[in-house]
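# A structural walkthrough
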Amino acid sequence: MSTPNFLSGIEARGFWIRTSNDGTLSVGKEGDDVPFMAWQDPLPFQIKYFSFCTWSGVFGKWEYNCPDFPTEPVKEPEPEGK
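This text gives an overview of the structure that appears in the document.

So, how was this worked out
Residues numbered from 1 in each chain as written. Predicted model: local features only at pLDDT ≥ 70, side-chain atom pairs only at ≥ 80, totals over all residues. Heavy atoms only, no water. Pairing = 2+ DSSP bridges. Helix = DSSP H or I, 4+ residues; strand = E, 2+ residues; numbered from the N terminus. Axes fitted to C-alpha atoms, helices over the stretch in contact; angles between N-to-C directions. Salt bridge = Lys/Arg side-chain N within 4 Å of Asp/Glu carboxyl O. Buried < 20%, exposed > 50% of the residue type's maximum accessible area, 1.4 Å probe, protein only. Polar contact = N/O pair within 3.5 Å; in protein donor to acceptor, adjacent residues only side chain to side chain.

### Concerning the sheet that holds strand E1 (residues 15-19)
- The three strands are arranged E1-E2-E3 in an open sheet whose pairing can be described as antiparallel. Edge strands, defined here as strands with exactly one partner in the open sheet, are E1 and strand E3 (37-40). On average, each strand axis in the sheet is inclined to that of its neighbour by 10°, with strand direction left out of account.
- Looking at chain direction, strand E2 (residues 24-29) and E3 are connected through four bridges and run antiparallel. Paired with Ser26 across the strands is Ala38, a residue of E3.

The following block contains the structure:
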C-alpha cells in the first residue's frame, strides 16, 4: 500500500487505532473516518495493555489520548485461617 506524506520528520501527524469485539483492528489518519488499514483476528481476545516503540537508534515521540475503561476492582486475598 502506498502511503505518501503520511509521516513527517518535522511535524506531528495524528492517527487513530480502533478495536472491536469481533476482533477487527483498524488504523486511520486523524480527521478521516475511513481506515487506511484494517485486519480481523480470527481468534480475538480482550486487549488489556498496549505500548508504542521505535526502532533502535530512532527518535520517536508518542502522544495518546485513550478513554478510561472500567476495570474490575482487585480483590485482596483472604488471610489464611479466616
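Additional details are given in the paragraphs that follow.
### A closer look at the pattern of salt bridges
- Enumeration over the complete set of coordinates arrives at two salt bridges.
- A salt bridge links Glu11 to Arg13, with the nearest nitrogen and oxygen atoms 2.8 Å apart.
- What makes Arg13 partly exposed here is its relative accessible area of 35%.
- For the salt bridge of Glu63 with Lys61, the shortest nitrogen-to-oxygen distance reads 3.5 Å.

### Quick word on the side chain of Asp41
- Following the sequence through the fold, Asp41 ends up in the segment after E3.
- A polar contact of 2.8 Å, which involves the side chain of Asp41, links it to the backbone nitrogen of Leu43.

Spatial relationships are all this shows, so hold off on functional conclusions.
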